Protein chains: 2
Amino acid sequence: MIRRLTIFGVGLIGGSLSLALRAAGTCQEVVGCSRSESHLREAKDLGVIDRYTLDPVEAVKGADMVVLAVPLGAMRGVCEAIRGHLEPDASLTDVGSAKASVVEAVREGFGEMPLGFVPGHPIAGTEKSGVSAAFPTLFHERRVILTPLETTDLGALARVRTMWEEAGAVVETMSVEHHDEVLAATSHLPHLLAFGLVDSLARMGEREEIFRYAAGGFRDFTRIASSDPVMWRDVCLANQEAILKVMGRYQEDLGMITRAIEAGDGDSLLEIFQRAKGARDRFCP
Amino acid sequence: MIRRLTIFGVGLIGGSLSLALRAAGTCQEVVGCSRSESHLREAKDLGVIDRYTLDPVEAVKGADMVVLAVPLGAMRGVCEAIRGHLEPDASLTDVGSAKASVVEAVREGFGEMPLGFVPGHPIAGTEKSGVSAAFPTLFHERRVILTPLETTDLGALARVRTMWEEAGAVVETMSVEHHDEVLAATSHLPHLLAFGLVDSLARMGEREEIFRYAAGGFRDFTRIASSDPVMWRDVCLANQEAILKVMGRYQEDLGMITRAIEAGDGDSLLEIFQRAKGARDRFCP
Ligand SMILES: NC(=O)c1ccc[n+]([C@@H]2O[C@H](COP(=O)([O-])OP(=O)(O)OC[C@H]3O[C@@H](n4cnc5c(N)ncnc54)[C@H](OP(=O)(O)O)[C@@H]3O)[C@@H](O)[C@H]2O)c1
Ligand SMILES: NC(=O)c1ccc[n+]([C@@H]2O[C@H](COP(=O)([O-])OP(=O)(O)OC[C@H]3O[C@@H](n4cnc5c(N)ncnc54)[C@H](OP(=O)(O)O)[C@@H]3O)[C@@H](O)[C@H]2O)c1
């Protein structure tokens, strides 16, 4: 049971976590904190949080669980603002889509690594953002990856794990580096490909017409290009190295396909497409 | 009203067209023809066609509407087989995903361009194939593009248009070249990107794990990589030029994104992502 949960950034992810925990009845009080009073008031009006404050120090007072659910680029600033004010028994976690950069931001923001810090990332989301997009079942049966550090207090790790389980998620742990590589491949790269495709088409002449003939497959394929541009800029900057690595491999693969088309090499194309369909059907049944 | 409709290739598209026209009650008899008797028997058992034959000449006897719904690579062979046997009043159309190559195949297969030939392409489909995947509402409110030639008989054009409208579709016409460019951008390229991504990931180490962390966006994004590899090999070979053109532009765009990530240039990334999201939200609401 969480006594007082403080959420920095009551948007899609922070708001959904609060709703899930309130629905589960495992949290006595939720305090929201961010930059905009109107966003926080909206969160309170929607029944997402119990109360709010614009003052980070005030926000963490008495909190035994603090969740950083702000954009990646804002993590460090929040940590600086609450430095020296966390309760001694407080667990601290985040939901950022890349982990090495958050670990770095927390270390810099606090001037040292807080022992109660458990880096985390729920593998769940939609292409919408803001508290109005939050819903209590967002994490149901979705994975949450925790990437505990050598310094991480085991009690804090257990409490953060329990929190996500109570929100309906399946919790796994792995290293920071491994998380960033896997997510670069399965989430960050696909988003870049979709943004790139839509931008490419949008810059062609007759774009109205081009999009008019986009069929069902195109809609699904490009849905993730409706995601928040600021969040994805932050992800690119935060997970630069792993993204560039996987992007390089992808561009090589695309080059292989392009050369096969140029050469009219149907056998190679068939082999690539069959291998891809086989993997897709096997892993995403 | 169609007296006798002959469909070559009673799979997803050919089968769905037959089901739609039978549901609309605008077709007296549907004859199926392809290579495999067991596929044709299945089509008859499923109530998709009235009867079938493995003999192309027999199949077109008495038919006033002939639809080529075989893979792109098989169009020419079917035309050769029925050369000289079409009824004088027969309209001929196809459903191929690329049009210049079908026009060429028909010309070569018949030794001249049949005046009743109306090239066509329904912008509808799923990632499944075969007659068991066919359903009567596949074309409801979906676009069908007809690309009539200078030689095309206007009566045939009107009959093919009416057929698709009775199947529930919205019919438009454009030139062969324009069709192939637009579809390269909105359909062929996205399929290649999805096949390429899944193949790229499948060839990485620990692929079981990689796919395990693929979230909702990834599933939607890669659904089209479950499409029929043979069909997509054929599309690549059939629409080589337009695909290479749009692929080149896309690879330039991806290079731009890659360089911005390398340079840590958040402003450029934000600009690209915002432009893409704006276009996606506007054109695919
Ligand atoms: N969306 C996804 O699919 C997804 C999935 C997994 C993880 N994540 C991660 O979750 C985090 C939040 O994403 P989200 O989708 O929930 O975004 P969101 O809906 O836009 O919410 C972000 C919240 O952060 C607040 N905020 C922004 N800048 C701030 C600052 N400098 N100081 C304090 N608060 C600030 C905003 O409120 P104010 O405007 O009032 O400041 C807003 O409520 C990100 O780190 C992202 O990487 C997202
Ligand atoms: N799938 C889509 O999303 C989509 C969308 C728009 C247009 N198209 C176009 O529609 C056409 C058919 O695609 P589909 O998805 O319906 O494929 P499908 O479900 O695999 O059906 C193809 C049919 O063609 C027959 N066939 C294959 N080779 C043949 C040959 N050499 N001679 C005679 N029949 C042959 C097959 O039957 P047998 O095995 O018995 O020969 C099968 O019934 C393709 O030209 C494709 O470009 C597809």
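In this report, the structure presented in the accompanying data block is examined. Values in this document were obtained by computation on a predicted structure and should not be read as measured data. (Residues numbered from 1 in each chain as written. Chains lettered and ligands numbered in written order. Predicted model: local features only at pLDDT ≥ 70, side-chain atom pairs only at ≥ 80, totals over all residues. Heavy atoms only, no water.)

Residues and elements named next belong to chain A. Lining the immediate surroundings of ligand 1 are 26 residues, of which Ser34, Arg35, Val70, Ser97 and Gly130 lie closest. In this structure, leucine 12 approaches ligand 1 through a main-chain N or O atom, which is 2.8 Å from an oxygen atom. Within the backbone of glycine 130, a nitrogen or oxygen atom sits 2.7 Å from an oxygen atom of ligand 1. Compared with its free state, where it exposes 890 Å², ligand 1 has 86% of that area covered by protein. (Near = heavy atom within 4 Å. Polar contact = N/O pair within 3.5 Å; in protein donor to acceptor, adjacent residues only side chain to side chain. Areas by Shrake-Rupley, 256 points an atom, 1.4 Å probe, with all protein chains shown as cover.)

Residue and element names in this part refer to chain B. Neighbouring ligand 2 are 26 residues; Ser34, Arg35, Val70, Ser97 and Gly130 lie closest to it. Serine 34 places a side-chain nitrogen or oxygen 2.6 Å from an oxygen atom of ligand 2. Between glycine 130 and ligand 2, the recorded distance is 2.7 Å, taken from a backbone N or O atom to an oxygen atom. In isolation ligand 2 offers 890 Å² of accessible surface; the protein chains occlude 86% of this area. Secondary structure elements with two or more residues in the shell around ligand 2: helix 1 (12-24) and strand 7 (120-122). Taken together, the residues of the shell around ligand 2 break down into 13 nonpolar, twelve polar and one charged. (Helix = DSSP H or I, 4+ residues; strand = E, 2+ residues; numbered from the N terminus. Nonpolar A, V, L, I, M, F, W, Y, C, P; charged D, E, K, R; others polar.)

Bringing the relation of the copies chain A and chain B into the picture now. When chain A is fitted onto chain B, the two copies agree to an RMSD of 0.0 Å after a turn of 180° and an axial shift of 0.0 Å. A rotation of that kind, with that shift, is consistent with a two-fold axis. Considering only C-alpha atoms, the residue of chain A closest to the rotation axis is A:Phe221, which sits at 2.1 Å. Interface overlap between copies: 100% of the residues of chain A at the interface are likewise at the interface in chain B, consistent with a symmetric, same-surface contact. (Least-squares fit on C-alpha atoms with pLDDT ≥ 70 in both. Contact = heavy atoms within 4.5 Å.)

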